[in-house]
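Fold and geometry: a report
Here is what each chain is made of, one letter per residue.
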Amino acid sequence: MTVAVRVPEELSARVPAEQRGPGLDRDAVRLLVSRGTEVSHHGFGELPRLLRAGDLLVVNTSPTLAAAVDGRIGHARVVVHFSTRGDDGRWAVELREPDGRGTSRARAGGPAGTEVRLPGDARLTLEEPLSARGDRLWWARVSGSEVAELLREHGRPIRYSYTERDQPLAVYQTVFSLPPEDEDGTGSAEMPSAARPFTARMVAELVSRGVQFAPITLHTGVASAEVHEPPYPERFAVSEVSARLINAVRAGDGRVIAVGTTAVRAVESAAGADGVVRARAGWTDLVVTPERGVRGVDGLLTGLHEPEASHLLMLEAVAGRAAVDRSYEEALRRLYLWHEFGDVHLILPEEDPHAVRCESNCE
């Protein structure tokens, strides 16, 4: 895999940026910028000066759910991570064990028929594994309560052991999060975290400088810290308006920059082989790899990913392996912070990507 070095434990961001000192806001994180193998170091507040009028940021509007709920199997305590709502009303869930530190650890899934008692007399019954790839995630039905109500009254944000303490759900919402359009509880099990450093002030400054925004939706499922699997199918939507914006920017002088790997997955799921992005909604099982490449985005703003994470293949598809290797070497050397409360990485094209495409199209 691309980055062979393990990330030292001390580089895990344990609390949000705004809790690290007085007077800080979400944007008090560092920004690693790479153009090919050229790397520079900035504060996130410099982003408006690193972009230019005509650029387009594609942002994920999915809200983060309070997706962790305590339960019991017989006398044993478990934690249920609600991942993804299926079209038939079932939920993909992961069962975990409390670790005594306020977080949880992996446990064996199944078997089918396992019943979990949940708060408020609700019951969850495992029916079948989500995928033949493994039994970590299971399709399950909940009786005795609506899942949206259960999460609202008894849920808390999913938290992993590298974090210091529980946080309110508001900490896990981005400035772009929109309330669900229906009452089925659909949202993201884990925060689309690349957008977390944005503040309303930052968005206003970007707009004033001529940077545009295209909203998409992709509801992320759980991606446990102990495993680095390819993403499971996820529900997404790219609207007609956003598709038109992306195509117009790519036809002109601007750059389409996805905010987060979720935004890349949504845009690329809506992009045809001809590079045209069309309005689409439904489920995507697309895994963006260097072999497949990208068709709808020119750059990416993202967090820093563990060496084994499948997201690194997507970064290679956008920037190339040499660029990813170089940027991660610099991130480790300069002690950047990892995970959802950590620092961010802006990948920009080395040169005008549209000029390169035109040359190839005009041969």
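In what follows, the structure referred to is the one given above.
An account of the accompanying structure is given in this report. (Residues numbered from 1 in each chain as written. Predicted model: local features only at pLDDT ≥ 70, side-chain atom pairs only at ≥ 80, totals over all residues. Heavy atoms only, no water.)

1. Quick notes on the pattern of salt bridges
Under the convention used in this document: What counts as a salt bridge is simple: a side-chain nitrogen of Lys or Arg found within 4 Å of a carboxyl oxygen of Asp or Glu. Summary of the burial criterion: residues with accessible area below 20% of their type's maximum are buried, those above 50% are exposed, and those between are partly exposed, where the area comes from a 1.4 Å probe applied to protein chains only. Strands here are runs of E lasting at least two residues and helices are runs of H or I lasting at least four, both read from the DSSP assignment and numbered beginning at the N terminus.
The final tally for this structure, using the stated rule, is 27 salt bridges. Measuring nitrogen to oxygen at the nearest pair gives 3.9 Å for the salt bridge that ties Arg 52 to Asp 55. You can call Arg 52 partly exposed: its relative accessible area is 37%. A salt bridge links Glu 127 to Arg 90, with the nearest nitrogen and oxygen atoms 2.9 Å apart. With a gap of 37 residues between them, Glu 127 in strand β9 (residues 122-131) and Arg 90 in the loop between β5 (76-85) and β6 (91-98) connect regions that are remote in the sequence. Each member of the salt-bridge network shares a partner with another, and the members are Asp 88, Arg 90, Glu 127, Glu 128 and Arg 141.

2. Comments concerning the side chain of Glu 340
Keep this limit in mind: The charged-residue count follows a simple rule in which Lys and Arg add positive charge and Asp and Glu add negative charge, with His and chain termini not counted at all. Whenever a nitrogen or oxygen atom comes within 3.5 Å of another N or O atom, the pair is scored as a polar contact, on the condition that within protein one atom can donate a hydrogen and the other can accept it, and that pairs from neighbouring residues in sequence are kept only if both atoms are in side chains. By definition in these notes, contact holds between two residues if any of their heavy atoms fall within 4.5 Å.
With respect to the secondary-structure elements, Glu 340 resides in the loop between α7 (321-333) and β16 (344-348). In this structure, Glu 340 is buried with no salt-bridge partner, the nearest side chain bearing the opposite charge being Arg 159 at 8.1 Å. One polar contact links Glu 340 to Tyr 162, side chain to side chain, over a distance of 2.5 Å. Apart from the residues within four sequence positions on either side, Glu 340 is in contact with Tyr 162, Thr 163, Tyr 172, Met 191, Ser 193 and Arg 196.

3. Description of the packing of aromatic side chains
What counts here: Here the aromatic set is Phe, Tyr and Trp, taking the six-membered ring for Trp, and pairing holds for ring centres within 6.5 Å; pairs whose planes are under 30 degrees apart are stacked, those over 60 apart are edge-to-face, and all others are tilted.
All chains considered together, the criterion is met by seven aromatic pairs. Here the aromatic rings of Phe 176 and Phe 198 are separated by 5.3 Å at their centres, their planes lie at 65°, and the arrangement is edge-to-face. Pair noted here: Phe 176 is in the loop between α2 (147-154) and α3 (200-208) and Phe 198 is in the loop between α2 and α3, with a separation of 22 residues, a long-range link. In this structure, Phe 176 and Phe 198 share a single accessibility class: buried. Considering the side-chain rings of Phe 176 and Phe 213, the 5.8 Å spacing of their centres and the 40° angle between planes classify their relative orientation as tilted. Of the two residues, Phe 176 sits in the loop between α2 and α3 while Phe 213 sits in strand β11 (residues 212-218), which places them 37 residues apart along the sequence.

4. Some details on the sheet that holds strand β3 (residues 56-60)
The following threshold applies: By definition, two strands form a pair when at least two bridges between them are found by DSSP. For every element, the axis is a line fit to its C-alpha atoms; helices are fit only across the contacting stretch, and the angle between N-to-C directions ranges from 0 to 180 degrees.
Spatially, β2-β1-β16-β15-β13-β3-β11-β12-β14 is the arrangement adopted by the nine strands of the open sheet, whose pairing is mixed. On the outer flanks of this sheet lie β2 (38-43) and β14 (280-284), each paired with one strand and no other. Pairs of neighbouring strands in the sheet enclose a mean axial angle of 20°, with direction left out of account. Note that β3 and strand β13 (residues 256-259) share three bridges and pair parallel. Residue Val 58 lies in a different strand from β13, and its bridge partner there is Ala 258.

5. With respect to the packing of helix α5 (residues 261-270) against helix α6 (residues 311-319)
How we decide: Here is the rule for angles: anything less than 35 degrees is roughly parallel, anything more than 145 is roughly antiparallel, 65 through 115 is roughly perpendicular, and the remaining ranges are oblique. Handedness of each helix crossing follows the sense of rotation of the near helix against the far helix: counterclockwise by less than a right angle gives left-handed, clockwise gives right-handed. The nonpolar class holds Ala, Val, Leu, Ile, Met, Phe, Trp, Tyr, Cys and Pro. Asp, Glu, Lys and Arg form the charged class, and all remaining residues, Gly among them, are polar.
At their nearest, the axes of α5 and α6 sit 11 Å apart, and the two run at 65° to each other. Between α5 and α6, the angle falls in the class roughly perpendicular. In the crossing of α5 with α6, the sense of the turn from one axis to the other is left-handed. On the side of α5, the interface is formed by Thr 261, Val 264 and Arg 265, while α6 contributes His 311, Met 314 and Leu 315. Of the residues that constitute the contact of α5 with α6, the class distribution is three nonpolar, two polar and one charged.

6. A word on the environment of Leu 11
Examined against the element boundaries, Leu 11 turns out to sit in the segment before β1 (30-35). The exposure class assigned to Leu 11 is buried, which follows from its relative accessible area of 5%. A sequence separation of 324 residues divides Leu 11 from Leu 335, and the C-alpha atoms of the two residues are 6.6 Å apart. Setting aside residues no more than four positions away along its own chain, Leu 11 makes contact with Leu 332, Leu 335, Tyr 336, Leu 337 and Trp 338.

7. A short note on the pairing of β3
Among the five residues of β3, five are classified as buried, and the element is accordingly described as predominantly covered. Of the two faces of β3, both are covered, the one formed by Leu 56, Val 58 and Asn 60 as well as the one formed by Leu 57 and Val 59. Here β3 runs beside β11; their pairing, made up of five bridges, is parallel. Note that in β11 the partner of Leu 57 across the bridge is Phe 213.

8. Description of the nonpolar core
As a reminder, the rule being used: We define a nonpolar core as any set of buried Ala, Val, Leu, Ile, Met, Phe, Trp, Tyr and Cys residues linked to one another through side-chain atoms lying within 4.5 Å.
By size, the foremost hydrophobic cluster in this structure holds 40 residues, and its most contacted members are Val 58, Val 238, Val 277 and Trp 338. Elements with a contribution of two residues or more to this core: β3, β11, β12 (234-238), α4 (240-251), β13, α5, α6 and α7. Those residues within four positions of Val 238 in sequence are excluded, and the remaining contacts are Ile 216, Ala 243, Ala 266, Val 267, Ala 270, Val 277, Ala 279 and Arg 280. Listed in part, the 28 residues of the second largest apolar core include Leu 65, Ala 68, Ala 140 and Tyr 162.

9. Notes on α6
Residues spaced three or four apart along an α-helix point in a common direction, a consequence of the helix completing one turn every 3.6 residues. Of all the residues in α6, the buried ones are Leu 312, Met 314, Leu 315, Glu 316, Ala 317 and Val 318. On its buried side, α6 packs onto α5, β15 (299-303), α7 and β16. Just downstream of α6 lies Gly 320, where phi reads positive at about 95°.

Everything listed here is a matter of geometry and, on its own, says nothing about what the molecule does.
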